Amino acid sequence: MAITAAMVKDLREMTGAGMMDCKKALAATDGDMDKAVEFLREKGLAAAEKKAGRIAAEGICETAVSEDGKVAAIVEVNSETDFVAKNDTFRSFVKAVVNQAMVTENTEIDAFLAEKWSLDASKTVKEELSSQIAVIGENMNIRRFQKVVAENGFVESYIHGGGRIGVLVEFETTVCNDIAKEAAKNVAMQIAAISPKYVQRTEIPEDYISHEREILKAQAMNENTGKPENIIEKMIEGRLNKELKEICLVDQVYVKDGDLTVQKYLETVAKEIGAPITVKSFVRFETGEGIEKKSENFAEEVAKQMGQ
C-alpha cells in the first residue's frame, strides 16, 4: 500500500512521533493506522528503556491546591536538560502528574507509578511516562510526590524560580481570609528561601541534637584549650541553640522583618485576624537536590548522539 504524506501527518498528530518514524511504522504495518500506533508505542517504550541510563537531574517542581484549600499535592519530575524543563509539552505532563497526585490514595512512588493514568485508563502512570520519554526524546523521571490534606485549616503553595523550588505549607486556623492567605504565602516564601528542616524544636530527633552537641564540644575544646569546663559547656549550648534556630521554621528570623521571628510574625497575624494561626507541617522540594549530576563535554555528547 502506498504511504501518503497525509497518512504520515495523521499518525504524527496521533502519536507525537517523528516524521521518519511514522513513515517507517506505516510501511511496516502496510498502512494500518491502528497497528502503526501500536508499532510506535512499542518502539517508543524501547527508546525509553535506552534513554533510562541517562541522568535526569533537571526538571521542575509543581503544586496543585483544591479550591477550598483543603487538599494539595506537590511533585518533582526530572529531565536531562533545562531546555526540556522549559518545554510546554513537558510542563503539561508535569501538571497532569500533580493532578494525579491530588487524587491518589498511594503514598509510595512505586505504587503511584503502577496506578492507572487518570487521563487514559489503558495505561499506568509509568507507561505514560515512557510514552512521554519517546515523544520528548530525553530520559525523564517522576522522582517524588506528596499529598497534603488539611483537617483544621488550609494549605498554601509557592513555586520559586519557574519550578526550581516548590513548597506546600499546612496551616491550622479557623480563619481563611485574605490576611491569613497573605501571611501563609509569606511563610511559604520563607521556607523556599531559608530551607528549614523542621517546624519547631519538638520535632528534632534527640539523636540529632546529641550528635551535634558532640561535634560542637570537640570544636569548642580544640579552640579553647585551658578554659574551664563550665565555660565550654555554655559555649556549646549557645552554639547549639543558634544552630537549632536556623533549622526550625518558627525560630528563624523572618526575612521580611529582621526584628521578628516567624513565630512572632504569626502571632501578629493572629491578632489581626482574631484567631490563632500556626504551621502544622510543610513540604519543600528543590529540583535535582541530592542527584549527582554527570558532567560531559557537549561536543562529545553531540558526537555520541550522531553515532547512535
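Rules behind the numbers
Residues numbered from 1 in each chain as written. Predicted model: local features only at pLDDT ≥ 70, side-chain atom pairs only at ≥ 80, totals over all residues. Heavy atoms only, no water. Pairing = 2+ DSSP bridges. Helix = DSSP H or I, 4+ residues; strand = E, 2+ residues; numbered from the N terminus. Axes fitted to C-alpha atoms, helices over the stretch in contact; angles between N-to-C directions. Contact = heavy atoms within 4.5 Å. Parallel < 35°, antiparallel > 145°, perpendicular 65-115°, else oblique. Nonpolar A, V, L, I, M, F, W, Y, C, P; charged D, E, K, R; others polar. Buried < 20%, exposed > 50% of the residue type's maximum accessible area, 1.4 Å probe, protein only. Polar contact = N/O pair within 3.5 Å; in protein donor to acceptor, adjacent residues only side chain to side chain.

Participant: Quick one: what's the story with the sheet that holds strand E1 (residues 60-65), residue by residue and with numbers?
Facilitator: What the three strands build is an open sheet, ordered E1-E2-E5; its pairing is antiparallel. The outermost strands of the open sheet, each flanked by one partner alone, are E1 and strand E5 (140-149). Pairwise comparison of adjacent strand axes, ignoring direction, gives a mean angle of 15° for this sheet. Sheet topology places E1 next to strand E2 (residues 71-79); six bridges connect them, and they run antiparallel. The partner of Glu62 across the bridge, within E2, is Val75. Its contacts with the sheet put helix H5 (residues 88-103) on E1, E2 and E5, and the angle it makes with E2 is roughly 140°.

Participant: Mind laying out the packing of H5 against helix H7 (residues 125-136), listing which residues take part and the relevant values?
Facilitator: Packing of H5 against H7 brings their axes to within 11 Å, and their N-to-C directions diverge by 175°. For the element pair H5 / H7, the angle class is roughly antiparallel. Contacts from Thr89, Phe90, Phe93 and Gln100 of H5 reach H7 at Val125, Glu128, Leu129, Gln132 and Ile136. For the contact of H5 with H7, the class distribution of residues is five nonpolar, three polar and one charged.

Participant: Explain the side chain of Arg284 residue by residue, including any values.
Facilitator: Mapped onto the elements of the fold, Arg284 is located in strand E8 (residues 277-286). Note on Arg284: relative accessible area 16%, which makes it buried. At 3.0 Å, the side chain of Arg284 and the backbone oxygen of Ile191 are in polar contact. There is a polar contact of 2.8 Å between the side chain of Arg284 and the backbone oxygen of Ala192. Once residues lying within four places of it in the same chain are set aside, the contact partners of Arg284 are Ile165, Gly166, Val167, Ile191, Ala192, Ser195 and Glu289.

Purely spatial values, then, with no claim about function.
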